[in-house]
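Descriptive analysis of the structure
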Amino acid sequence: MTPPVADDAVRAVFLLAPGVQLLDVAGPAHVFGGVAEATGRRWELSYVADRPLVDSHQGVPLHADTLLPALTARDLVVVPGWHIDDDARAPFASSTLAWVRAHHDRGGAVMSVCAGAFALAEAGLLDGRRATTHHDLQDELARRFPAVRVSRDVLYASDGSVHTSAGIASGIDLALHLVAQQYGARAASRIARAMVVFARRNGHEPQESVMLRHRDHLDDLVHRAQDVLDDRFAERVPLELLAREVRASERTVTRAFVRALGMTPLRYQQLLRREHAERLIAAGESVEAAARAVGFDDARMLRRLRSAAAQ
């Protein structure tokens, strides 16, 4: 029987197919399982399938519940990929795919890894949407579902509440992206650091984040300094204060930043401010108002940063 979920918990339900790829399951599960420690918010993970015992492609049997749970709009359905020989059709009952579709129609989010995109496509959720899958399966996805806008050579694609990722390990990237969307880049970077993976985003996404784009390193001192600057990007944080916050000398902090990011802490904070300002400008704020809102004394520095970014 599916266990009860706490009122304040988010549920991530993994829909398992025969021959499921273990890392497609374990990667996102590890990310979502780390949310509580990183944010204090509870996530409940559960696993469902059309049969009670699912053999993974790697030979490890996985136990699953055959009762599809009632979900709320805040919950997430995850469809990991499965091993494909010649037939990429989703090995799920039509009633199971209808359950996935109904969750989306009620406002819930859905996510696929690798071949899981075929299940979302068969459920009718990818028509007219940007989506991706493993590079070996992209042509087949485009052929079988011509209404899908297949994005090639990307780690993941998000279109509304429908999220798809490429092969195997990219499910970790997409899961981190969803955590960053809901709880902020700092939470995603904490989970990534605990997993000893890069907190990276897809470089082709238009909403690319400075906070995550520059988290592709393993220097804990720099990560802690970035945590301070990410939280206080609009404040004046002199190097002396930053060094005191991370318990290191000013010279050590600067050298570590340059080594890990290729820039100084001040430059990193400027990029954060410009990114936040761009969002305000896109929402209708003037350059002057946006500059003040993100911590600049006037708009001159913001204009210089925007001009340099456009070159």
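Residues numbered from 1 in each chain as written. Predicted model: local features only at pLDDT ≥ 70, side-chain atom pairs only at ≥ 80, totals over all residues. Heavy atoms only, no water.

Within the chain, the secondary structure is distributed over 14 helices and ten strands. Here the C-alpha radius of gyration of the chain, 21 Å, is about what a compact globule of 311 residues would show, namely 19 Å. Dimensions of the chain along its principal axes, counting C-alpha atoms only, are 60 × 40 × 35 Å. (Helix = DSSP H or I, 4+ residues; strand = E, 2+ residues; numbered from the N terminus. Rg over C-alpha atoms; globule rule 2.2 N^0.38 Å.)

Turning our attention to the sheet that holds strand E2 (residues 43–49). Reading across the sheet, the six strands line up as E2-E1-E5-E6-E10-E9 and stay open at both edges, with mixed pairing between neighbours. Only two strands of the sheet have a single neighbouring strand rather than two, namely E2 and strand E9 (156–159). Each strand of the sheet is rotated relative to its neighbour by a mean of 15°, with strand direction disregarded. Two strands pair when backbone bridges link them, and strand E6 (residues 109–113) and strand E10 (residues 162–165) are joined in this way by four bridges, in the parallel orientation. Paired with Val113 across the strands is Ser165, a residue of E10. Its contacts with the sheet put helix H6 (residues 170–183) on strand E1 (10–16), E2, strand E5 (76–79), E6, E9 and E10, and the angle it makes with E10 is roughly 150°. (Pairing = 2+ DSSP bridges. Axes fitted to C-alpha atoms, helices over the stretch in contact; angles between N-to-C directions. Contact = heavy atoms within 4.5 Å.)

This next bit is on unusual backbone geometry. Note on backbone geometry: most residues besides glycine have negative phi, and most peptide bonds are trans. Phi is positive for Cys114, close to 55°, though the residue is something other than glycine. Its place among the elements puts Cys114 in the loop between E6 and helix H4 (116–122). What makes Cys114 buried here is its relative accessible area of 6%. Although it is not a glycine, Arg247 adopts a positive phi angle of roughly 60°. One can find Arg247 in the loop between helix H10 (239–246) and helix H11 (250–261). (Buried < 20%, exposed > 50% of the residue type's maximum accessible area, 1.4 Å probe, protein only.)

Contact geometry for helix H1 (residues 22–33) and H6: axes closest at 8 Å, N-to-C directions at 25°. With respect to their mutual orientation, H1 and H6 come out roughly parallel. Handedness of the H1/H6 crossing: right-handed. Contacts from Gly27, Pro28, Val31 and Phe32 of H1 reach H6 at Gly171, Ile172, Ala175, Leu176, Leu178 and Val179. Split by residue class, the contact of H1 with H6 holds eight nonpolar, two polar and no charged. (Parallel < 35°, antiparallel > 145°, perpendicular 65-115°, else oblique. Left-handed = near helix turned anticlockwise from the far one by under 90°. Nonpolar A, V, L, I, M, F, W, Y, C, P; charged D, E, K, R; others polar.)

Let us look at the nonpolar core. Ranked by size, the top nonpolar core spans 67 residues in total, and within it Leu16, Val31, Phe32, Trp82, Phe92, Met111 and Val179 carry the most contacts. It is H6 that provides the largest number of residues to this core, a total of eight residues. Those residues in contact with Phe92 that sit more than four places away from it in its chain are Leu15, Leu16, Ala17, Asp50, Val79, Trp82, Leu97 and Ala119. In terms of nonpolar packing, the next biggest core, distinct from the first, is built from 30 residues, Phe233, Val253, Tyr268 and Ala299 among them. (Core = buried A, V, L, I, M, F, W, Y, C linked by side-chain atoms within 4.5 Å.)

Our next topic: the pattern of salt bridges. For side chains bearing opposite charge, pairing can occur when the charged atoms are close. Applying the stated criterion across every chain, the model contains 17 salt bridges. Within the structure, one salt-bridge network assembled from shared partners comprises Arg193, Asp220, Arg224 and Asp227. (Salt bridge = Lys/Arg side-chain N within 4 Å of Asp/Glu carboxyl O.)

Right, let's get into helix H12 (residues 265–282). Between its first and last C-alpha atoms H12 spans 26 Å; for 18 residues at 1.5 Å apiece the expected length is 26 Å, and the two agree. Positive backbone phi, approximately 115°, marks Gly284, located one or two places after H12. (Expected span 1.5 Å × (residues − 1).)

In this model, the largest pocket occupies a volume close to 240 Å³. Along the walls of the largest pocket sit 15 residues, with Leu266, Arg273, Gly295, Phe296 and Asp297 positioned nearest its centre. Taken together, the elements giving at least two residues each to the lining of the largest pocket come down to H12 and helix H14 (299–310). With four residues, the top contributor of residues to the lining of the largest pocket is H12. Along the lines of polarity and charge, the residues of the lining of the largest pocket split into five nonpolar, three polar and seven charged. (1 Å grid on protein atoms, 1.4 Å probe; cavity = no way out; pocket = protein on both sides within 12 Å on 5 of 7 lines; lining within 4 Å. Points joined across faces, edges and corners; volume = space filled by probe spheres on them.)

This next bit is on the side chain of Gln270. Topologically, Gln270 is positioned in helix H12. Apart from the residues lying within four places of it in its own chain, the contact partners of Gln270 are Phe296, Met301 and Leu305.

Between its first and last C-alpha atoms H1 spans 16 Å; for twelve residues at 1.5 Å apiece the expected length is 16 Å, and the two agree. Taken together, the buried positions of H1 are occupied by Asp24, Val25, Gly27, Pro28, Ala29, Val31 and Phe32.

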